[in-house]
Amino acid sequence: MMKRNKAHLIKFCRIGLIILLLLALMAWVWIPAVSDFLRQSLAAFATVDQHALENFIRSWGTQAAVVSFFLMILQAIIAPLPAFLITFANASLFGAFWGGVLSWTSAMAGATLCFFIARILGRSAVEKLTGKTVLKNMDAFFERYGKHTILVCRLLPFVPFDPISYAAGLTSIRFRHFFLATGIGQLPATIVYSWAGSLLTGGAFWFVTGLFVLFALTVVIPVARSLYLERQRKQS
């Protein structure tokens, strides 16, 4: 009975998500204001220029925070877009603390959306969004690190954020475990980028980013080593 109810719930969610995506597509095609906003957003991203993105967000005045939140959701679905630019712009516009809060919450919302898109629509849909090669690489992380994958990958800035969220949705991991690991793992990056974004520019920003990469490695390497030794003990 429980399995049947769960199957019905998944089917209902799948239909609801498809309807929501169709409505978004229709709005994009038929509502000029929506299509203009999306075009401007993608153009701001395409420059890969934090100042251009910052100016775009600022231009919305009192709605700037809402626009920034939506941009993070947009980049979550369109994985190649650089999320750290939004975090950097948020810190510059709203300060290290409130900019960090905005970046962290919007990144969590984007990760949640990716997770449920994968869980509801399945692997074929995810492959179209991320590409088969990228998804296979994410699968390799899950095969290697198991239940620790989310936390390990969130601590590594060079591991794509959104493909991991999509890949997690295709596994049997519980959403609350995914959400907790994402929240904890994303926090150090958000703090560093927000602090750097509020104080630094240019080369200094990349210097701080490099320091964060080194910090992440000092955390992840011991975890990976312990996991490897644990696997070796189980096999022996």
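In this text, all values refer to a predicted model and were calculated from it rather than measured experimentally. (Residues numbered from 1 in each chain as written. Predicted model: local features only at pLDDT ≥ 70, side-chain atom pairs only at ≥ 80, totals over all residues. Heavy atoms only, no water.)

### Notes on the overall build of the chain
Now for step 1: Looking only at helices and strands, one finds twelve helices and zero strands in the chain.
Now for step 2: Beginning at the N terminus, the succession of helices and strands in the chain can be written as α-α-α-α-α-α-α-α-α-α-α-α.
Now for step 3: Across the 236 residues that make up the chain, the buried fraction comes to 39%.
Now for step 4: For the chain, the proportion of contacts with a sequence separation of at least 24, taken over those separated by at least 6, is 72%.
Now for step 5: Counting every atom, the chain has about 13,500 Å² of accessible surface; 70% of that belongs to carbon and sulfur. (Helix = DSSP H or I, 4+ residues; strand = E, 2+ residues; numbered from the N terminus. Buried < 20%, exposed > 50% of the residue type's maximum accessible area, 1.4 Å probe, protein only. Contact = heavy atoms within 4.5 Å. Areas by Shrake-Rupley, 256 points an atom, 1.4 Å probe, with all protein chains shown as cover.)

### Re helix α10 (residues 161-169)
Now for step 1: A large share of α10 lies buried, amounting to nine of its nine residues.
Now for step 2: Residues Phe161, Asp162, Pro163, Ile164, Ser165, Tyr166, Ala167, Ala168 and Gly169 constitute the buried set of α10.
Now for step 3: Those residues of α10 hidden inside the fold are in contact with α4 (64-77), α6 (96-121), α7 (123-130), α8 (132-145), α9 (149-155) and α11 (175-199).

### Quick notes on the packing of α4 against helix α5 (residues 84-94)
The axes of two packed helices give the description: the angle between them and the distance between them.
Now for step 1: Look at α4 against α5: their axes get within 11 Å of each other, and the N-to-C directions meet at 170 degrees. Here α5 runs roughly antiparallel to α4, going by the angle between their axes. Touching Ala64, Ala65, Ser68, Leu71, Met72 and Gln75 of α4 are Ile86, Thr87, Asn90 and Phe94, all from α5.
Now for step 2: The residue makeup of the contact of α4 with α5, split by class, is six nonpolar, four polar and no charged. (Axes fitted to C-alpha atoms, helices over the stretch in contact; angles between N-to-C directions. Parallel < 35°, antiparallel > 145°, perpendicular 65-115°, else oblique. Nonpolar A, V, L, I, M, F, W, Y, C, P; charged D, E, K, R; others polar.)

### Regarding the UniProt feature "transmembrane region" (unreviewed entry) in the chain
Now for step 1: With numbering aligned to this structure, UniProt lists the feature "transmembrane region" (unreviewed entry) at residues 12-31, 65-89, 101-122, 178-197 and 203-224.
Now for step 2: Between the end C-alpha atoms of residues 101-122 the distance is 31 Å, and the span holds 95% helix and 0% strand.
Now for step 3: The span residues 178-197 carries 100% helix and 0% strand; its end-to-end C-alpha distance comes to 27 Å. (UniProt positions renumbered as here; feature names shortened; annotations may be inferred.)

### Structural notes on the packing of aromatic side chains
Now for step 1: Under the defined criterion, the tally for this structure stands at eight aromatic pairs.
Now for step 2: Ring centres 4.9 Å apart and planes at 80 degrees place the aromatic pair Phe97 and Trp98 in the edge-to-face group. Note on accessibility: Phe97 and Trp98 belong to one class, exposed.
Now for step 3: Ring geometry for Phe175 against Phe179: centres 5.6 Å apart, planes inclined by 45 degrees, an arrangement best described as tilted. Here Phe175 pairs with Phe179, and both are found in helix α11, just four residues apart, close to one helical turn.
Now for step 4: A residue is classified by how much of its surface remains accessible, and Phe175, at 26% relative accessible area, is partly exposed.
Now for step 5: In this structure an aromatic cluster arises from ring pairing among Phe115, Phe116, Phe175, Phe178 and Phe179. (Phe/Tyr/Trp six-rings, centres within 6.5 Å; stacked < 30°, edge-to-face > 60°.)

### Brief notes about the environment of His177
Now for step 1: With respect to the element layout, His177 can be found in helix α11.
Now for step 2: Taking relative accessible area as the criterion, His177 reaches 43% and is therefore assigned partly exposed.
Now for step 3: Along the chain, His177 and Lys147 lie 30 residues apart, while their C-alpha atoms are 9.0 Å from each other.

### Topic: the pattern of salt bridges
Now for step 1: In the structure shown here, the tally under the stated rule is three salt bridges.
Now for step 2: The shortest N-O distance in the salt bridge between Arg123 and Glu127 comes to 3.4 Å. Here Arg123 and its partner Glu127 are both found in helix α7, four residues apart, which amounts to about one turn of the helix.
Now for step 3: Residue Arg123 is classed as partly exposed on the basis of its relative accessible area, which comes to 35%.
Now for step 4: Between Arg123 and Asp139 there is a salt bridge, with its nearest N and O atoms 2.4 Å apart. In this pair, Arg123 sits in helix α7 while Asp139 sits in helix α8, placing the two residues 16 residues apart along the sequence.
Now for step 5: Connected through shared salt-bridge partners, Arg123, Glu127 and Asp139 make up one network. (Salt bridge = Lys/Arg side-chain N within 4 Å of Asp/Glu carboxyl O.)

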